[in-house]
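Here is how the chains run, residue by residue.
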Amino acid sequence: MLGTDFTTGSPNWLDLGSPDTEAAAAFYGAVLGWRFVSAGPDTGGYGFFQVDGKTVAALGPLTEEGANSAWMLHFKTDDITATVQAVTAGGGTVRMEPMEPMDVMGEGMLAQATDPQGAQFALWQPGRTAGLELTSAPNTLLWAELHAPDPEADIAFYQGLFGWRSQDMSAPGMTYRVLSTNEGDQQEASFGGVAPLNAGEGELPRWVPYFHSTDVDATITTAQSNGGSVLMPATDVPEVGRMAWLGDPFGAAFALLTPDPRM
């Protein structure tokens, strides 16, 4: 599972773009117990979600024209310029003008990208901010999942950026690919997975964050009473745990997982 000793390719930041940051902060405060802390008057409304005083995610207004509310996973790079070049060389696109990394007030370097199959992600080269301060604990980021029409091709793209390793795992009705960073024991370095896109249901390629829930069913009830929706009902997955997919009041998708204690 995720830690905060980030290596190349680790998910090291997560933020939400929302058309109504005040309402989004209230929703996630009610559902996940997060406290929103502004990053300051010069940040355009950007701020941090915290648990016990530690940053677990961030929130800001939508900045791209025509963008829909969504969670954005960021992956660590130590050379963001080279990684941006690898994105375009591998068939992806960079969603910034000019197409160069941006210095975020000395906190780090940022670039926004889209993989060849259409899933959006971001790159973060740490400056003063290494990344999230708490992961895998209750109500924090636990897992990152990519849904792609051609999982093997997309994995090859990200391997070209970060050197990720992957391992096939049998799952009900499909092959699930578990992703790991390139350093250390492969199982211990796992942070996410890739599932085949369910195109028949109109799903688009995307990354989805999973948050650690101590009670998936209770959290669903709270989300619904605060304007959220259920995208996938709670279900038990053998050797994984109990999980569900939700949408916040503005349509941003996220998932909940109570891990199997044997994991």
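Right above here is the structure, for reference.
Residues numbered from 1 in each chain as written. Predicted model: local features only at pLDDT ≥ 70, side-chain atom pairs only at ≥ 80, totals over all residues. Heavy atoms only, no water.

> Give a description of the packing of helix α2 (residues 80-89) against helix α3 (residues 151-162) that names residues and reports values.
Two numbers describe how α2 lies on α3: the axes approach to 9 Å, and their chain directions differ by 155°. The pairing of α2 with α3 is recorded here as roughly antiparallel in orientation. Every pair of crossing elements has a handedness; the one defined by α2 and α3 is right-handed. Here Thr-83, Ala-86 and Val-87 of α2 come into contact with α3, specifically with Phe-157, Gly-160, Leu-161 and Phe-162. Residues that form the contact of α2 with α3 fall into these classes: five nonpolar, two polar and no charged. (Axes fitted to C-alpha atoms, helices over the stretch in contact; angles between N-to-C directions. Helix = DSSP H or I, 4+ residues; strand = E, 2+ residues; numbered from the N terminus. Parallel < 35°, antiparallel > 145°, perpendicular 65-115°, else oblique. Left-handed = near helix turned anticlockwise from the far one by under 90°. Contact = heavy atoms within 4.5 Å. Nonpolar A, V, L, I, M, F, W, Y, C, P; charged D, E, K, R; others polar.)

> Could you give an account of the environment of Asp-168, with specific residues and numbers?
With respect to the helices, strands and loops of the structure, Asp-168 is situated in strand β11 (residues 165-171). In this structure, the C-alpha to C-alpha distance between Asp-168 and Val-178, residues 10 residues apart in sequence, is 6.4 Å.

> Run through the side chain of Thr-83, naming residues and quoting values.
Within the secondary structure, Thr-83 sits in helix α2. Only 2.7 Å separates the side chain of Thr-83 from the side chain of Thr-77, close enough to count as a polar contact. Excluding residues within four positions of it along the chain, Thr-83 makes contact with Thr-77, Leu-123, Leu-161 and Phe-162. (Polar contact = N/O pair within 3.5 Å; in protein donor to acceptor, adjacent residues only side chain to side chain.)

> Give a detailed account of the packing of aromatic side chains, specifying residues and quantitative values.
Enumeration according to the criterion identifies 26 aromatic pairs in this entry. Aromatic rings pair up to connect Phe-27, Tyr-28, Trp-34, Phe-36, Phe-49, Trp-71, Phe-211 and Phe-254 into one cluster. (Phe/Tyr/Trp six-rings, centres within 6.5 Å; stacked < 30°, edge-to-face > 60°.)

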